[in-house]
Amino acid sequence: MAVVVTRSLTKVFKEGELGAVNNVNLETREGEFLVFLGPSGSGKTTLLRMIAGLETPTSGEILIGGRVVNDLSPRERRIAMVFQSYALYPHLSVYKNIAFPLKAQNVKKELHKAKVEWAASLLGIGALLDRKPRELSGGERQRVALARAIVREPAVFLLDEPLSNLDAKLRASAREELERFHRRVGTTTIYVTHDQVEAMAMGDRVMVLNKGVVRQLGTPTEVYDNPADTFVATFLGSPPMNLAELGDVIVGFRPEHFRPASSAAGDVVPFRLRVENIEYLGSEWIVSGTLAGGKLDAKKVFSRLSSAQNLSLGGAYDFAVPQRELKFFDRATEKRVEPKAVSWQ
Amino acid sequence: MAIARRKIKSIGAAQSPLLGAAMFSPAVLYILLLVAGPFFLAIFYAFSDARIGNTELHYVGLENFRSILHSPSFRVAIRNSLIFTICSQIVVIVGANILAIALEKPFRGRGFIRFLILLPWVAPIALGAIGWKWILDSIYSVISWVLVALHFYKPFNAPMWLGEPHLAIASVLLVHSWRLMPFSTVILLAGRTAIPKDIPEAAAVDGAGFWRTQLQIVIPMMRPILSVAVLFGLIFTFTDMTVVYILTAGGPFDSTQTLPSLAFALGIQGSDLAAGAAISLFLVPLLVLIAYFMLRVAHRAEVT
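Residues numbered from 1 in each chain as written. Chains lettered and ligands numbered in written order. Predicted model: local features only at pLDDT ≥ 70, side-chain atom pairs only at ≥ 80, totals over all residues. Heavy atoms only, no water.

*Asks:* Let's hear about the overall build of chain A: which residues, and what values?
*Replies:* Helix and strand content of chain A: 8 helices and 19 strands. If you line up chain A on its principal axes, its C-alpha atoms span 75 × 45 × 35 Å. Looking at chain A as a whole, 50% of its 345 residues qualify as buried. For chain A, the share of sequence-separated contacts (at least 6 apart) that also reach a separation of at least 24 residues comes to 64%. Per element, the accessible surface of chain A, about 15,700 Å² overall, is 48% carbon and sulfur. Taking the 46 positively charged and 40 negatively charged side chains of chain A as two groups, their mean positions are separated by 5 Å. (Helix = DSSP H or I, 4+ residues; strand = E, 2+ residues; numbered from the N terminus. Buried < 20%, exposed > 50% of the residue type's maximum accessible area, 1.4 Å probe, protein only. Contact = heavy atoms within 4.5 Å. Areas by Shrake-Rupley, 256 points an atom, 1.4 Å probe, with all protein chains shown as cover. Lys, Arg positive; Asp, Glu negative; His and termini not counted. Charge placed at Lys NZ, Arg CZ, Asp CG, Glu CD.)

What follows is the structure, given as structure tokens:
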């Protein structure tokens, strides 16, 4: 097992253009499940590929287990990577796919069978060893890719959106399986995704990236409850945090904290909401509309409620947000600032 | 709307058999006149004593086959055909793989180098062969000139590239390989680009070096496209007589004669149509066998 460290890691693909990854400083913890989260083009995959040794950094250092690995080839870094497409070798059986890293790293031939069977049983694919990748379902392929990654007992696992090729139903169970797998093997894992649900559910810590810059690194609760800037605030959460400009600050509040005034207690900020749309999502309701009156008149906002049966389209209702749930951001830098007194009217 | 559609459909249905046949007929005519016609004529001649300038024909049974099987030049021709075909394929596949690997990643001037490599394929084969005839000439050979200048040989004592049997065979082999290399390179380049980038990357992360990645992952994955390249190469070389005809005309002493060039020498130049026809018929079962075998390999690679 090992810790991955990057120091001022930068990748510029075309000279004169903005870097795909800019000055990333990062340190994983031993055995942690770290998620790189960001929209497409945020540089998360490039960052992972640099750690894997598939991409050469423009500047900066990468350390794995305390050793600078910039000049080492992927094979010398003792990493394992699972690709988005799984990249199974189509002409080889599942057994030979899993055994390939052992062969490539000159592990003694007598040990192959036991190791392949160990990895296969860990992922429950012992019965598929004679099949070719084409004959497997998406979920089975993913497990073969994981088995191929685990079989060499790597120092670090790198996973590049491994669930994005699965259908929604399978994705949930594969996610749970991955979590259990990580708990069992305990290897430091870096997981790249653009899916905030995956990131929140699986990550010990989440690193939010945008345009090649780290916006925030923290536990799922930290990045959700205490976003470092407006990008993180709106990228996480669905619907995103409501943001409103008030003087030199931007005030934000989560839809689930924006509730009918009757159910709010304590120190609250009152609003009047004109309901324009109501969505029923089974376990919850998403209500959207515009604020009426005050400085924020006509501002579009979302509310997430467990019940919205007493609201109707076109109606205006009293809503409120608890004072302590308000987040404040600087209007110029969009960075988080200390709570301030603002006038709403 | 429904009526209009039915009308269009009925017109189409009424016209399609005629139209289809009309569109199809040039291909059928072409095959009948230029492939099937000469083919059956050759079978007919092979069992006769047809000669150029002689209007009489007699059925002679297997006499032509018996006599060519006993002729030493025929045996040399068969041997040469096999040597040229098999050895040039080995040279071509190894060389084309190296070129394809070299040309896969972009670099400055790649387009120009690709163009240069394609030239031998685009240039008329006769032109290329004449160029090589000069390069390998007994007096004007640039290769000999270079070897003499480097003091490997004394002046006027350089090897006769086309004049000594073994060197002549090697020379013809070389020119065949040179001729086929571009075609195979282009096919293999296409095959390489069809492999997802992830696969060699996964192999690199799995710890495979360059050779293991190429030999155990990339090349096996290209098996269908490799078989296509080999199939075409085999048939092109096996049926070709231009290179031999221009470089050595089968000489010295019939030592570079191949089945097609021998058939031409005996049947057309030697006026013995029957013998020429019989020799060329020997090509047919071999070619059918090659084609069948290679198609099966290609098919199997596709299925598994």
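*Asks:* Before we move on, can you summarise the confidence of the model for chain A with the specific residues and values?
*Replies:* This prediction gives chain A a mean pLDDT of 90; 100% of its residues lie at or above 70. Ranking the elements of chain A by mean pLDDT puts helix H5 (residues 168-185) of chain A last, at 85, and strand S3 (residues 33-37) of chain A first, at 95. (pLDDT = per-residue confidence, 0-100.)

*Asks:* Describe the side chain of B:Arg192, listing the residues and the values that go with them.
*Replies:* Residues and elements named next belong to chain B. Along the chain, Arg-192 turns up in helix H7 (residues 165-193). A polar side-chain atom of Arg-192 sits 2.8 Å from a polar atom in the side chain of Gln-214. In this view, Arg-192 contacts Asn-97, Ala-100, Ile-101, Glu-104, Gln-214, Val-218, Ile-219 and Met-222; residues no more than four positions away in its chain are not counted. (Polar contact = N/O pair within 3.5 Å; in protein donor to acceptor, adjacent residues only side chain to side chain.)

*Asks:* Would you mind going over the sheet that holds S3(A) in detail, with residue names and values included?
*Replies:* Residues and elements named next belong to chain A. In space, the 6 strands of this open sheet follow the order S6-S7-S8-S3-S9-S10, with mixed pairing throughout. The open sheet has two edge strands with one neighbour each: strand S6 (79-82) and strand S10 (213-218). In this sheet, neighbouring strand axes are inclined to one another by 15 degrees on average, regardless of whether the strands run parallel or antiparallel. Where S6 meets strand S7 (residues 156-160), 4 bridges bridge the pair, whose relative direction is parallel. Residue pairing across strands places Ile-79 opposite Val-156, the latter belonging to S7. Each of S3, S7 and strand S8 (188-193) is contacted by H5, which is oriented at about 170 degrees to S7, the strand it contacts most. (Pairing = 2+ DSSP bridges. Axes fitted to C-alpha atoms, helices over the stretch in contact; angles between N-to-C directions.)

*Asks:* Which residues make up a nonpolar patch on the surface, and what values do they have?
*Replies:* Together, B:Phe24, B:Val28, B:Leu29, B:Tyr30, B:Ile31, B:Leu32, B:Leu33, B:Leu34 and B:Val35 give the surface a local cluster of nonpolar side chains, amounting to about 920 Å² of exposed area. As for its position among the elements, B:Leu29 is in helix H1 (residues 2-46). (Patch = residues over 30% accessible without salt bridge, like charges linked within 9 Å, V, L, I, M, F, W, Y side chains within 5 Å. Salt bridge = Lys/Arg side-chain N within 4 Å of Asp/Glu carboxyl O.)

*Asks:* Account for the pairing of strand S1 (residues 4-11) of chain A, with residues named and values stated.
*Replies:* Residue and element names in this part refer to chain A. Among the 8 residues in S1, 6 count as buried, and that is most of the element. Sheet topology note: the S1/strand S2 (residues 21-27) ladder contains 4 bridges and is antiparallel. Bridge pairing links Lys-11 to Val-21 in S2.

*Asks:* How would you explain the sheet that holds strand S13 (residues 259-260) of chain A if you had to name every residue and give the values?
*Replies:* Whenever strands of a sheet pair, they do so through backbone hydrogen bonds, lying parallel or antiparallel. Residue and element names in this part refer to chain A. Taken together, 5 strands build an open sheet; the order of strands is S13-S17-S14-S15-S16 and the sheet is antiparallel. Unpaired on one side and paired on the other, S13 and strand S16 (300-305) mark the two borders of the sheet. Two strands pair when backbone bridges link them, and strand S14 (residues 268-280) and strand S17 (residues 316-322) are joined in this way by 7 bridges, in the antiparallel orientation. Note on S17: the bridge partner recorded for Pro-270 is Ala-320.

*Asks:* Provide a residue-level description of the nonpolar core, including the pertinent values.
*Replies:* The tendency in soluble globular proteins is for nonpolar side chains to be buried as a group. The biggest cluster of nonpolar side chains holds 74 residues, and the ones touching the most others in it are A:Phe36, A:Leu47, A:Ile64 and A:Leu158. Looking at which element gives the most residues to this core, the answer is helix H13 (residues 273-303) of chain B, with 8 residues. In contact with A:Leu158, other than residues within four places in its own chain, are A:Leu48, A:Ile51, A:Ala52, A:Ile79, A:Ala80, A:Met81, A:Val82 and A:Ile190. Counting residues in hydrophobic clusters, the runner-up holds 45 residues, among them A:Ala80, A:Leu163, A:Phe181 and A:Val223. (Core = buried A, V, L, I, M, F, W, Y, C linked by side-chain atoms within 4.5 Å.)

*Asks:* So what's going on with the interface of chain A and chain B? Residues and values would help.
*Replies:* If you look at the interface, chain A gives 25 residues, while chain B gives 19 residues. For the pair chain A and chain B, the two sides together bury roughly 1,800 Å², of which 58% comes from carbon and sulfur. Sorting the residues of chain A by area buried against chain B places A:Tyr89, A:His91 and A:Phe100 first, and these three jointly supply 27% of that buried surface. Our count for the contact surface shared by chain A and chain B stands at 3 salt bridges. A salt bridge links B:Asp206 to A:Arg148; the shortest N-O distance between them is 3.5 Å. Between the two partners, chain A and chain B, sit 11 residue pairs in polar contact (both at pLDDT 80 or more). Within the residue set of the side of chain A that touches chain B, elements represented by two or more residues are S6 and helix H2 (94-104) of chain A. Looking at which element gives the most residues to the side of chain A that touches chain B, the answer is H2(A), with 4 residues. Considering only residue class, the side of chain A that touches chain B consists of 14 nonpolar, 4 polar and 7 charged. (Buried area = accessible area lost by both parts, 1.4 Å probe. Nonpolar A, V, L, I, M, F, W, Y, C, P; charged D, E, K, R; others polar.)

*Asks:* Provide a residue-level description of empty space enclosed by the protein, including the pertinent values.
*Replies:* Residues and elements named next belong to chain A. Counting across every chain of the model gives 3 cavities of 30 Å³ or more. In this structure, the largest cavity encloses a volume near 50 Å³. In terms of lining, the largest cavity is formed by Phe-33, Leu-146, Phe-157, Leu-159, Leu-178, Phe-181, His-182, Val-185 and Thr-189. Listed by contribution, the elements that provide at least two residues to the lining of the largest cavity are S7 and H5. Looking at the lining of the largest cavity element by element, the count peaks at 4 residues for H5. Grouping the constituent residues of the lining of the largest cavity by class yields 7 nonpolar, 2 polar and no charged. Its volume calculated, the second largest cavity comes out at about 40 Å³. Looking at the second largest cavity, the residues that line it are Leu-123, Gln-142, Leu-146, Ala-174, Glu-177, Leu-178 and Phe-181. Put simply, the parts of the chain that give the lining of the second largest cavity at least two residues each are helix H4 (138-150) and H5. Of the residues contributing to the lining of the second largest cavity, the split by class is 5 nonpolar, 1 polar and 1 charged. (1 Å grid on protein atoms, 1.4 Å probe; cavity = no way out; pocket = protein on both sides within 12 Å on 5 of 7 lines; lining within 4 Å. Points joined across faces, edges and corners; volume = space filled by probe spheres on them.)

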